[in-house]
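# Geometric and topological summary
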Amino acid sequence: MENYIIEMNNIRKEFPGVVANDDITLKLQKGEIHALLGENGAGKSTLMSILFGLYTPDKGEIKKNGEVVNIKNPNDANDLGIGMVHQHFKLVEVFTVLENIILGAEPTNLGFLTTKETRKKVIELSEKFNLRVDIDAKIEDISVGMQQRVEILKMLYRENEILIFDEPTAVLTPQEIEELMKIMRVLIKEGKSILFISHKLNEIMSVSDRVTVLRKGKGIGTVNVKDTNINQLSEMMVGRKIEGIEKGKNKASNEVILKVENLVVPSKIHKNNAVNDISFEVKAGEILCIAGIEGNGQSELVYGLTGLEKITSGKVTLLDKDITNKSIRERNLTGLSHIPEDRHKFGLVLDFKLKYNLTLKKYFQEGFQNHGFINEEMIKKHSERLIKEYDIRSGRGANTIARSMSGGNQQKAIIAREIDCESKLLVAVQPTRGLDVGAIENIHKTLVLERDKGKGVLLISLELEEVLDISDRILVMYNGKIVAELDPDQTTFQEIGLYMVGAKIQDKFKATEVPAND
Amino acid sequence: MIDFKFWKKSSKTDKKDNKDKEYAFLSAVISIVVGLLVAIMLLFLLELVAPNSDFSKPILGIKKYFTYSFTSTSTFFKIFYNAAPLMLTGLAVGFAFKAGLFNIGATGQYAFGAFFALVAAILWQFPWWAALLVSIVAGAIWGVIPGLFKAFFNINEVITSIMLNWAGLYLANLLFYNLPAMHTVLPNRTDNLAFANPSAILPNFGLNQLLNTSYINIGIIIAIVVAVIIYIVLEKTVFGYEIKACGANRNASLFAGIKTKSTIIFTMLISGGLAGLAGGIVYLAGTVEFTVESHLLAMGFNGIPVALLAYSQPLAIIATSIFIGFLESSGSGLQGLYSYEMTSVILSVIIYFSAFALIVGHFIKKILKRRKNSKNDQDNETSSDLGIVPEAKPRDDEQIDQKEVVE
Ligand SMILES: Nc1ncnc2c1ncn2[C@@H]1O[C@H](COP(=O)(O)OP(=O)(O)OP(=O)(O)O)[C@@H](O)[C@H]1O
Ligand SMILES: [Mg+2]
């Protein structure tokens, strides 16, 4: 008999309108990394939330070391040594790293916090597992990667032995992912067992021992990673073969859609400019990709372009119209669509129904409103069409509250809304973050299709594979400046990598440093 | 042409929406019952500690309390007389809640509106409707100031509006002293409208004489019409959609191109106008005069529980304000048995314990749901779209989870 530390047997969980988990069995061996794979909305987060005590299953049992346990809430889970890093982090933004780590398990002496020993313990842990954190920094000031390390430290501090990672890599840079994989291996050596959700098959192949596949709430099976390959896994997951996309010919014309001249955007974190004198053009019929390591000014560039943040200087022209000082609404109407980086902050009104989220950029247009009155009929019709076209899955269709949707389907909703605006320029920031391979394929196809229709696509991506797969032209950004312009067909991972870390700068971009701008 | 179809419920009503409404209604009713029970317990407790306990006194008190409003036309119509301004201040607070703003300054806007309604009536000899308009404008001006500070400098509206409450009241007092024409009879009290300007008294269509009460006037009708208008604005119009979007996620609203600054400003403008109108309706009834006050007027604050109990829903505010109007009117039934102060205490206990029970109930429900999450109890967004004080409750599941681990 094998030695299972956790057994989830015949778990069923229903939400209004969907069976999120239907008779799923998952067995976790002690000391293994067990991956959980499945399409968006397949029920992965739900299953893990059940193990962590956030939901109670309608049916089924959970065993730990062969004994049935009753996990009613996260405290019970914690007592059983189960910890979880959620898909969307749950840290208190205004607290420091240390405060977040000890939150809820504060060591006290006569009611007073005794942070000295804790501090020592946390520092020891972070050194032991090589989890670099800035212990006194506030969460709002640190990178996503570090936030994740804080979440991991939180589990280790509580001496959890079963660690659940819900899509930990979706928000990380490739470098950070590498690091996380290393950390996970170290954790296993230290006797922990890991449940790991990811949509990225190569990650699963490289780090995990076994993988359980879910599809539409059902368990499809568990396989040894040694005995399988990427193609078989993706087929198990979506029930069909995934073909790579055919990018086709670059159809860039001479029509300039977006023109950015000498853009300077201040940084919120440091004194220097986040975007320092950048100029480029997006032409009709091309996908221009801005590659770079996170934090080199890509986000600020987008905020500056789209009007979400004030720029210091520079000029932005969209379809021959100077939009530098225009309102966001005017920019949108001129022809700008934007798939934002932070879907919860900017992309969705989480407490609104799906239909209102899908019409967030349309509700004010004639037809959607008549004489200032919202036309519900139209909103419903429009959103139902998008739901169908973009295969947005949710429990109650157009009336689902966005908050209750799975992460991937939330993203699909945003993409549907933005692409449907028929804008000439589509700014897509990490558009496939958190999506399953099937959905990624669809998004990529859609982006290429939009390009072929003569639109300009500005893609900001941290994933080199995506960059090389679908872009027609690549600009590499380093330290607030563009350091290289590359042709995806002529370049390699290695070459882009060198530019991304600032080891190389193309000559034509060196020149721009000389003239001082005022 | 205006599309009148907005009246129709679009599509078949959603089962869960109804469940939410049922839940909201039930919890409001239960909260009120809790408030009443606490007040009754208090009465018995008082008797227990009194030197010569007489337990028939609280029983008689309760009986009188609940029947008093139905003993005469005067006491009966006083319910609605009380309800009208409560409804408007409740709407003021509830409307701002929807935009994620906590207008705790309704009392200052109310005082401002009241005073300028009387200035218009007595000094300018305006007719009642024009004086009411003046009260709206005055309240709106006082309400928009915190809105401007919030929009342009991101200064919390709670802080500015608390300060403006006092500033508003004392400014009204100051103006009062400097306008001797407003108080020719008594030094601290405006002249009675019946002498100063009868045309400024809210019309009652002769029902006053017919029903033999001075507490009937057009105020309650105006308040109900305003509530319906606010309902339509919030639920059916583009402006209402923008207000709710701003309240639920200001960043996403900005992203969508909504002018969040002007939405905040307009919301506070309207909210202030509603509170100002409440002041106008009270002081143009001809039943009370404006006196120099050194305390903030309670009316503006009572709008908060009215809005809370109604989950900020305009139509529900009609009901909750009438209920609280009833409680206020019934207070006089205790005269003779209990002191005036005691009556106020009882009334406050009922109102505030109801609101308290409602909030506690919310948290209990949220926590229960996490714990139990039984089959028919998964709607984890019930409370989020109710629009209660956004700042006061964890808006994200995140914080709740945080709390749970804390224990
Ligand atoms: N609290 C909830 N209320 C109602 N429905 C829910 C809730 N949570 C999840 N669901 C539904 O259950 C299904 C499974 O969701 P879940 O979040 O488990 O998916 P997932 O596999 O994690 O997907 P993703 O990869 O997109 O994160 C989805 O259809 C989702 O809409
Ligand atoms: Mg998920």
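Residues numbered from 1 in each chain as written. Chains lettered and ligands numbered in written order. Predicted model: local features only at pLDDT ≥ 70, side-chain atom pairs only at ≥ 80, totals over all residues. Heavy atoms only, no water.

## Some points on the overall build of chain A
A count of helices and strands for chain A gives 18 helices and 24 strands. At 24 Å, chain A has a C-alpha radius of gyration in line with the 24 Å of a compact globule built from 518 residues. In chain A, which comprises 518 residues, the proportion classed as buried is 58%. Contacts in chain A between residues at least 24 apart in sequence constitute 68% of all its contacts with a sequence separation of at least 6. As presented, chain A carries roughly 21,400 Å² of accessible surface, and 48% of it is formed by carbon and sulfur atoms. Treating the 71 positive side-chain charges of chain A as one cloud and the 76 negative ones as another, the clouds have centres 2 Å apart. (Helix = DSSP H or I, 4+ residues; strand = E, 2+ residues; numbered from the N terminus. Rg over C-alpha atoms; globule rule 2.2 N^0.38 Å. Buried < 20%, exposed > 50% of the residue type's maximum accessible area, 1.4 Å probe, protein only. Contact = heavy atoms within 4.5 Å. Areas by Shrake-Rupley, 256 points an atom, 1.4 Å probe, with all protein chains shown as cover. Lys, Arg positive; Asp, Glu negative; His and termini not counted. Charge placed at Lys NZ, Arg CZ, Asp CG, Glu CD.)

## Brief notes about the packing of helix α9 (residues 219–236) of chain B against helix α14 (residues 314–331) of chain B
Residue and element names in this part refer to chain B. Contact geometry of α9 with α14 gives a least axis separation of 8 Å together with a crossing angle of 150°. In terms of orientation, α9 lies roughly antiparallel with respect to α14. Of the residues in α14, those touching α9 at Ile224, Ala227, Val228, Ile230, Tyr231 and Leu234 are Pro314, Leu315 and Ile318. When the residues that make up the contact of α9 with α14 are grouped by side-chain class, the tally is nine nonpolar, no polar and no charged. (Axes fitted to C-alpha atoms, helices over the stretch in contact; angles between N-to-C directions. Parallel < 35°, antiparallel > 145°, perpendicular 65-115°, else oblique. Nonpolar A, V, L, I, M, F, W, Y, C, P; charged D, E, K, R; others polar.)

## Concerning unusual backbone geometry
Backbone geometry follows two general trends: most residues other than glycine have a negative phi, and most peptide bonds adopt the trans configuration. The phi dihedral of lysine 216 of chain A falls on the positive side, at around 45°, and the residue is not glycine. Looking at the element boundaries, lysine 216 of chain A is found in the loop between β11 (210–215) and β12 (218–224). Unusually for a residue other than glycine, glutamine 125 of chain B sits at a positive phi of about 55°. Counting through the fold element by element, glutamine 125 of chain B comes out in the loop between α4 (106–123) and α5 (128–153). You can call glutamine 125 of chain B partly exposed: its relative accessible area is 43%.

## Points about the packing of aromatic side chains
Applying the stated criterion to the full structure yields 28 aromatic pairs over all chains. Taken together, the ring pairs connect Tyr110, Phe112, Phe115, Phe116, Trp142, Phe176, Tyr177, Tyr283 and Phe290 of chain B into an aromatic cluster. The ring centre of tyrosine 157 of chain A lies 4.4 Å from the NZ or CZ of lysine 121 of chain A, which sits over that ring. Lying across the ring of phenylalanine 364 of chain A, arginine 329 of chain A places its NZ or CZ 3.6 Å from the centre. (Phe/Tyr/Trp six-rings, centres within 6.5 Å; stacked < 30°, edge-to-face > 60°. Lys NZ or Arg CZ within 6 Å of the ring centre and 35° of its normal.)

## Observations regarding helix α5 (residues 144–157) of chain A
In an α-helix there are 3.6 residues to a turn, and that puts residues three or four apart on one side. All names here are of chain A. Taking 1.5 Å of rise per residue, 14 residues should cover 20 Å, and α5 covers 20 Å from first to last C-alpha, within 8% of that figure. Across the 14 residues of α5, 13 count as buried, placing the element largely inside the fold. Backbone geometry just after α5 places glutamate 159 at a positive phi near 55°. (Expected span 1.5 Å × (residues − 1).)

## A closer look at the sheet that holds strand β18 (residues 336–339) of chain A
Either a parallel or an antiparallel arrangement is found when strands of a sheet pair, and the pairing is made through backbone hydrogen bonds. All names here are of chain A. Reading across from one edge, β18-β21-β22-β15-β23-β24 is the order of the six strands in this open sheet, with mixed pairing throughout. The sheet terminates laterally at β18 and β24 (481–486), the two strands that pair on one side only. When strand polarity is set aside, the average angle formed by the axes of neighbouring strands in this sheet is 20°. Relative to strand β21 (residues 425–429), β18 runs parallel, the two being bridged by four bridges. The residue of β21 that forms the bridge with histidine 338 is valine 427. Contacts from helix α10 (residues 328–335) reach β18 and β21 within the one sheet, and its direction differs from that of β18 by about 110°. In this fold helix α14 (residues 407–420) packs onto β18 and β21, with an angle of close to 170° to the strand it touches most, β18. (Pairing = 2+ DSSP bridges.)

## Some details on the confidence of the model for chain A
All names here are of chain A. Averaged over every residue, the pLDDT of chain A is 87; residues scoring 70 or more account for 94%. Ranking the elements of chain A by mean pLDDT puts strand β7 (residues 108–109) last, at 64, and helix α12 (residues 354–358) first, at 95. Contacts for the low-pLDDT stretch residues 513–518, under 50 throughout, to residues beyond four places or in other chains number four contacts. (pLDDT = per-residue confidence, 0-100.)

## A short note on helix α12 (residues 260–283) of chain B
Between its terminal C-alpha atoms α12 of chain B stretches 35 Å, which fits the 34 Å expected from 24 residues at 1.5 Å a residue. Counting buried residues along α12 of chain B, 19 of its 24 residues qualify, which places the element largely inside the surrounding structure.

## So, the environment of valine 238 of chain A
All names here are of chain A. Tracing the chain through its elements places valine 238 in helix α8 (residues 230–238). The spacing of valine 238 and glutamate 203 is 35 residues in sequence and 18 Å in space, taken between C-alpha atoms. Not counting chain neighbours up to four residues away, the residues in contact with valine 238 comprise Glu39, Arg215 and Gly438.

## Here we look at the sheet that holds strand β16 (residues 313–318) of chain A
Residue and element names in this part refer to chain A. Reading across the sheet, the four strands line up as β14-β13-β16-β17 and stay open at both edges, with antiparallel pairing between neighbours. Only two strands of the sheet have a single neighbouring strand rather than two, namely β14 (273–283) and β17 (321–322). As judged from the two bridges shared by β16 and β17, these two strands associate in the antiparallel manner. Pairing of leucine 318 across the sheet is with lysine 321, part of β17.

## Structural notes on the environment of phenylalanine 15 of chain A
Residues and elements named next belong to chain A. Positionally, phenylalanine 15 belongs in strand β1 (residues 4–15). Judged by its relative accessible area of 18%, phenylalanine 15 is buried. Between the alpha carbons of phenylalanine 15 and serine 394 there is a distance of 9.9 Å; along the sequence they are 379 residues apart.

## Here we look at the domain arrangement of chain A
Often the size quoted for an interface is simply the accessible area lost on bringing the parts together. Residues and elements named next belong to chain A. Domains assigned within chain A are domain 1 (4–238), domain 2 (256–349 + 406–510) and domain 3 (352–400). Taken together, the contacts link 16 residues of domain 2 with 17 residues of domain 3. By the criterion of area lost to domain 3, the three top residues of domain 2 are Val349, Arg417 and Asp420, representing 36% of everything that side buries. Summed over the shared surface of domain 2 and domain 3, the number is three salt bridges. Linking lysine 361 and glutamate 418 is a salt bridge whose minimum nitrogen-to-oxygen distance equals 2.9 Å. Along the contact surface separating domain 2 from domain 3 lie ten residue pairs in polar contact (both at pLDDT 80 or more). Counting only elements with at least two residues in the side of domain 2 that touches domain 3, the list comes to α10 and α14. (Domains from an automatic or database assignment. Buried area = accessible area lost by both parts, 1.4 Å probe. Salt bridge = Lys/Arg side-chain N within 4 Å of Asp/Glu carboxyl O. Polar contact = N/O pair within 3.5 Å; in protein donor to acceptor, adjacent residues only side chain to side chain.)

## Concerning the site of ligand 1
Surrounding ligand 1, one finds 21 residues, the nearest of these being Gly41, Lys44, Ser45, Thr46 and Gly408 of chain A. Of the chains in the model, those with residues near ligand 1 are chains A and B. Side-chain polar atom of threonine 46 of chain A to an oxygen atom of ligand 1: 2.5 Å apart, as the coordinates give it. Protein contact buries 93% of the 640 Å² of open area that ligand 1 shows by itself. Counting residues per element, the ones that place at least two in the shell around ligand 1 are β2 (18–29), α1 (44–51) and α14 of chain A. Classifying every residue of the shell around ligand 1 by side-chain character gives six nonpolar, twelve polar and three charged. Here the shell around ligand 1 gathers at least three residues from each of two domains, domain 1 (4–238) and domain 2 (256–349 + 406–510) of chain A. (Near = heavy atom within 4 Å.)

## Some remarks on the nonpolar core
Residues and elements named next belong to chain B. If you look at the biggest cluster of nonpolar residues, it comprises 93 residues, and the most contacted ones within it are Leu88 and Leu284. Sort the elements by how many residues they give to this core and helix α3 (residues 73–98) lands first, with twelve residues. For leucine 88, the contacting residues outside a window of four places in its chain are Ala223, Val226, Leu274, Leu277, Ala278 and Ile281. (Core = buried A, V, L, I, M, F, W, Y, C linked by side-chain atoms within 4.5 Å.)

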